[in-house]
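Residues per chain are reported as follows:
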Amino acid sequence: MGFEKFLFYVFALVLVFSAVRVITVRNPVHAALFLVLAFFTSAALWLLIEAEFLAIVLVLVYVGAVMVLFLFVIMMLDINIVPLREGFIRYLPVGVTVALIIVIEMGLVVGSGYFGAEQYRLVPHAVDYSNTRELGSVLYTFYVYPFEIASAILLVAIIAAISLTMRRREGTKSQDPAWQVRVSRDDRVRLVRMMPEKKK
Amino acid sequence: MNFVAPDFMPVVPELFVLTMACLLLVIDVFLEQRQRYITYGVAQLTLLGAALLTLVTYAHAPVTTMFGHYIKDAMGDLLKIFIYLSSAAVFLYSRDYLRRRDLFKGEYYVLGLFGVLGMMIMVSAHSLLSVYLGLELLSLSLYALVAMDRDSPVASEAAMKYFVLGSLASGMLLYGISMIYGATGSVDLQVVSDAVARQGADNLVLVFGLVFLVVGLSFKLGAVPFHMWLPDVYQGAPTSVTLYIGSAPKLAAFALMMRVLVDGLGTLQGDWQQMLIILSVLSIALGNLVAIVQTNIKRMLAYSTISHVGFLLLGILAGSPEGYAAAMFYAIVYVLMAVGAFGMVIMLGRTGFEVENIDDFKGLNDRSPWLAFLMLVIMMSMAGVPFMAGFYAKWMVLQAVVNIGLVWLALFGVVFSVIGAFYYLRVVKCLYFDKPEQSEPIHISLDTEIAISANGLLLVALGLYPTALMTWCATALLN
């Protein structure tokens, strides 16, 4: 067993373990952290098959951005997940049976017979071969049409998110820095002219 | 690797709509609420401009560009023209409704235009990538539109259901696409088609991917058993959005079926034909039976949509040129009927009152004979009464099914459309034979009234002279 194969098995074991932990730990923050571990290990697996661009993107986007945001949401919302877990044991046998059947059926079709290592051997590349450059050279040329549609989808997502969440509510104590900077003395100070009081 | 810039000319309508939608987004920021009609006007002008561009560049022979991701052919152009037409009608019918409900915002039109763009991309898709991206662009706009009325809990619930089930459907579709890609090594539908023809129908992976593709597409179309979202969304969404969801997207979904199943996986016709038979039998049966017990008009029309989807699938599963033409004719006629029916539901509302139940149509004849007549035409056409457009559409589809030897399926369709006629006729009974429960006058602006009249009369005209549109569909599919 070569060193590479040994690494693969280590990463694969860690990946499966952390993926199972994501759905079994009680604390949602721990679950999110296990998900980070799962992403990180799959990035390592991708590195093993020389897909370094995908590996880096996975770490940067999912670990760096998405999961951090996710953790923030979990911590800020502080959802009580105990009610969500009720009936876990009760539905477990049904769930496991269905999942097992699906896995077996899918294994029969998409197993090694069609998508095994025999059909899809690793393509050897020269030392100076760069995945990133290859991706970049087709992304903005041959795939420019889907790429632009994807950008339109992101724009729609922004419009949707803003139009669904932004509303002006009366009476909120929010600050407007521009207004604060432009404030003049007359807005804040009111000079009151008072007659001196006489002592009796 | 040699890169030659692609031919942008065929994509001009899409580029135009995209540019105008972005422009509209910017213009709308500078408008005050009372100037919002400018947004509406620009949106309508965009549709008009896109229609002109499509007509000027109408394809007589298919052109593929954008490195195989885009195809311009007569089927696509014809469907696009009807997409513009029905979207323009949707914008017009819903204008007063949105104003009444305090929803008259720029986002409705911007998202509406992006939805139209998504449909155009779906209609002209020539690779599985553009199929998926176009579908997502449309779906995302629709989710946001359904949720737009934030103060309505029903709308939020509908949006949530639609979003979750829609995402599930997209997942199914993507999984199917990845299987097809794995088996053929390409997303280009032409290459996929060649590879499938080479490998034959006994490749298990292809059939496996096909199942997921069909499931994903039926989710989006709303065919039984993947219809659960449809009644809730139709009922919960603001009626202007129901009008939008119920009309033009069906044309795009039809195009998607044609591109993926017929153009891409035509060799597997034996496999998908059986799947579509099951889907259409279930849709026709369940749609017609459940619609009978509905009292809410939007829910009833949702179930009627499900049964119409079943009939549409009959034409596609026939797998013959006449079947495809019949299905295309059916899709176009259905969209005209749906726009008219939901348009009537919208128009009879007024400030503080929305038409929700079938009973709200009671005695419409006494209040406005002309509107009652138009509603009669639309309902008769949906039921498939002879000399209406809907009758001819059903006739052609059933004929296509008989011609491939599935007589039992045609008989089944006939029996259930007779059963289905019951609930359409119940609306007609409400219109003409019941006493009105309200006496408030109906206010409809002139342009809307002209449009709905044209809409209803078009259904009569298409029923009397269906050959023109039918020939147009058939020739569009030929080249």
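Residues numbered from 1 in each chain as written. Chains lettered and ligands numbered in written order. Predicted model: local features only at pLDDT ≥ 70, side-chain atom pairs only at ≥ 80, totals over all residues. Heavy atoms only, no water.

Before going further, it helps to spend a moment on the overall build of chain B. Of regular secondary structure, chain B possesses 20 helices and two strands. Projected onto the principal axes, the alpha-carbon positions of chain B cover approximately 70 × 60 × 40 Å. Among the 479 residues that make up chain B, the fraction classed as buried is 65%. Restricting the contact set of chain B to residue pairs at least 6 apart, pairs at least 24 apart contribute 79%. When the accessible surface of chain B is totalled, it reaches about 16,700 Å², and 69% of it is carbon and sulfur. Within chain B, one finds 24 positive and 30 negative side-chain charges whose respective centroids are separated by 5 Å. (Helix = DSSP H or I, 4+ residues; strand = E, 2+ residues; numbered from the N terminus. Buried < 20%, exposed > 50% of the residue type's maximum accessible area, 1.4 Å probe, protein only. Contact = heavy atoms within 4.5 Å. Areas by Shrake-Rupley, 256 points an atom, 1.4 Å probe, with all protein chains shown as cover. Lys, Arg positive; Asp, Glu negative; His and termini not counted. Charge placed at Lys NZ, Arg CZ, Asp CG, Glu CD.)

Here we come to the confidence of the model for chain B. Looking at chain B as a whole, the pLDDT averages 92, with 100% of positions reaching at least 70. Reported for the predicted complex are a pTM of 0.90 and an ipTM of 0.93. (pLDDT = per-residue confidence, 0-100.)

The next thing to look at is the interface of chain B and chain A. The interface of chain B with chain A comprises 37 residues on the first partner and 29 residues on the second. Our enumeration of links across chain B and chain A arrives at zero salt bridges. Looking at the side of chain B that touches chain A, the elements that each hand over two or more residues are helix 1 (12-29), helix 4 (106-123), helix 5 (128-146), helix 6 (153-184) and helix 8 (204-221) of chain B. Of all the elements, helix 5 of chain B adds the most residues to the side of chain B that touches chain A, at nine residues. In terms of residue class, the side of chain B that touches chain A is made up of 26 nonpolar, seven polar and four charged. (Salt bridge = Lys/Arg side-chain N within 4 Å of Asp/Glu carboxyl O. Nonpolar A, V, L, I, M, F, W, Y, C, P; charged D, E, K, R; others polar.)

Quick look at the UniProt feature "transmembrane region" (unreviewed entry) in chain A now. According to UniProt, the feature "transmembrane region" (unreviewed entry) maps to residues 6-24, 31-49, 55-79, 91-117 and 137-164 of chain A in the numbering used here. Counting secondary structure, residues 6-24 of chain A comes out at 100% helix and 0% strand; the distance between its end C-alpha atoms is 27 Å. (UniProt positions renumbered as here; feature names shortened; annotations may be inferred.)

This part covers the nonpolar core. Across soluble globular proteins, nonpolar side chains show a tendency to be buried alongside one another. Formed by 206 residues in total, the largest nonpolar core has its most connected members in Phe91(B), Trp272(B) and Phe361(B). Counting residues per element, this core draws most heavily on helix 14 (residues 321-347) of chain B, which supplies 22 residues. With residues up to four places along the chain from it excluded, the contact list for Phe91(B) reads Tyr40(B), Ala43(B), Gln44(B), Leu47(B), Tyr108(B), Tyr109(B), Gly112(B), Leu113(B) and Tyr244(B). One finds Phe39(A), Ala43(A), Met67(A) and Leu71(A) within the second-largest nonpolar core, a separate group that totals ten residues. (Core = buried A, V, L, I, M, F, W, Y, C linked by side-chain atoms within 4.5 Å.)

The subject of this paragraph is the pattern of salt bridges. Residue and element names in this part refer to chain B. Summed over the entire model, instances satisfying the criterion amount to 16 salt bridges over all chains. A salt bridge links Asp-73 to Arg-259, with the shortest nitrogen-to-oxygen separation between them at 3.0 Å. With Asp-73 in the loop between strand 2 (70-72) and helix 3 (74-100) and Arg-259 in helix 11 (residues 248-264), the pair connects residues that are 186 residues apart, well separated along the chain. Using a relative accessible area of 8% as the deciding quantity, one classes Asp-73 as buried. The salt bridge partner of Glu-437 is Lys-362, with a shortest N-O separation of 3.7 Å. Of this pair, Glu-437 sits in the loop between helix 18 (407-433) and helix 19 (446-464) while Lys-362 is found in the loop between helix 14 and helix 15 (364-367), placing the two residues 75 residues apart along the sequence. When salt bridges that share partners are traced, they join Arg-95, Asp-96, Arg-99 and Asp-447 into one network.

Here we take up helix 14 of chain B. Spanning 27 residues, helix 14 of chain B covers 39 Å between terminal C-alpha atoms, matching the ideal 39 Å at 1.5 Å per step. Counting buried residues in helix 14 of chain B gives 25 out of 27 residues, a clear majority hidden from the surface. (Expected span 1.5 Å × (residues − 1).)

All names here are of chain B. Under the defined criterion, the tally for this structure stands at five cavities of 30 Å³ or more. Quantified by volume, the largest cavity comes out at close to 180 Å³. Ser-139, Leu-142, Tyr-162, Lys-220 and Trp-229 are, among the 17 residues lining the largest cavity, the residues nearest its centre. At the level of elements, helix 5, helix 6, helix 8 and helix 11 are the ones that each hand at least two residues to the lining of the largest cavity. No other element matches the five residues that helix 5 contributes to the lining of the largest cavity. Among the residues forming the lining of the largest cavity, the class breakdown is 13 nonpolar, two polar and two charged. (1 Å grid on protein atoms, 1.4 Å probe; cavity = no way out; pocket = protein on both sides within 12 Å on 5 of 7 lines; lining within 4 Å. Points joined across faces, edges and corners; volume = space filled by probe spheres on them.)

Glancing now at the packing of aromatic side chains. Counted under the stated rule, the structure contains 29 aromatic pairs over all chains. Summarising the aromatic geometry, the rings of Tyr140(A) and Phe147(A) are spaced 4.9 Å apart at their centres and angled 75° between planes, so their arrangement reads as edge-to-face. Looking at Tyr140(A), the relative accessible area reads 51%, which means it is exposed. Ring centres of Tyr40(B) and Tyr109(B) lie 5.8 Å apart, and the angle between their planes is 70°; this geometry places the pair in the edge-to-face category. (Phe/Tyr/Trp six-rings, centres within 6.5 Å; stacked < 30°, edge-to-face > 60°.)

Our focus in this paragraph is the packing of helix 10 (residues 239-246) of chain B against helix 11 of chain B. Any two packed helices are characterised by how steeply their axes cross, that is the angle between the axes, and by the distance between the axes. All names here are of chain B. Closest axis-to-axis distance for the helix 10/helix 11 pair is 4 Å, and the angle between their directions is 25°. When the interaxial angle is binned, helix 10 and helix 11 end up roughly parallel. The segment helix 10 lies against helix 11, with Tyr-244, Ile-245 and Gly-246 engaging Ala-248, Pro-249 and Lys-250. A breakdown of the residues in the contact of helix 10 with helix 11 according to their chemical character gives four nonpolar, one polar and one charged. (Axes fitted to C-alpha atoms, helices over the stretch in contact; angles between N-to-C directions. Parallel < 35°, antiparallel > 145°, perpendicular 65-115°, else oblique.)

Residue and element names in this part refer to chain B. Following Val-224, the chain continues into Pro-225 via a peptide bond in cis, with omega recorded as 0°. On the secondary structure map, Pro-225 appears in the loop between helix 8 and helix 9 (229-236). Look at Met-66: it is not a glycine, yet its phi comes out positive at around 55°. Mapped onto the secondary structure, Met-66 falls in the loop between strand 1 (63-65) and strand 2. Here the phi dihedral of Phe-387 falls at roughly 70°; this positive angle occurs in a residue that is not glycine. You can see Phe-387 is positioned in the loop between helix 16 (369-383) and helix 17 (389-403). You can call Phe-387 exposed: its relative accessible area is 60%.

As a further point, take the packing of helix 17 of chain B against helix 18 of chain B. Residue and element names in this part refer to chain B. Contact geometry of helix 17 with helix 18 gives a least axis separation of 7 Å together with a crossing angle of 155°. What the angle tells us is that helix 17 and helix 18 run roughly antiparallel. Here helix 17 and helix 18 pass one another in a crossing that is left-handed. Each of Lys-394, Leu-398, Val-401 and Val-402 in helix 17 lies in contact with helix 18, whose residues at this interface are Val-407, Leu-409, Ala-410, Gly-413, Val-414 and Ser-417. Residues that form the contact of helix 17 with helix 18 fall into these classes: seven nonpolar, two polar and one charged. (Left-handed = near helix turned anticlockwise from the far one by under 90°.)

The next point concerns the side chain of Asn203(B). Here Asn203(B) lies in the loop between helix 7 (189-199) and helix 8. Using a relative accessible area of 13% as the deciding quantity, one classes Asn203(B) as buried.

As a further point, take the environment of Leu117(B). Residues and elements named next belong to chain B. Secondary-structure assignment places Leu-117 in helix 4. A sequence separation of 37 residues divides Leu-117 from Val-154, and the C-alpha atoms of the two residues are 28 Å apart. Setting aside its immediate chain neighbours within four residues, Leu-117 contacts Glu-14, Val-17, Leu-18 and Leu-137.

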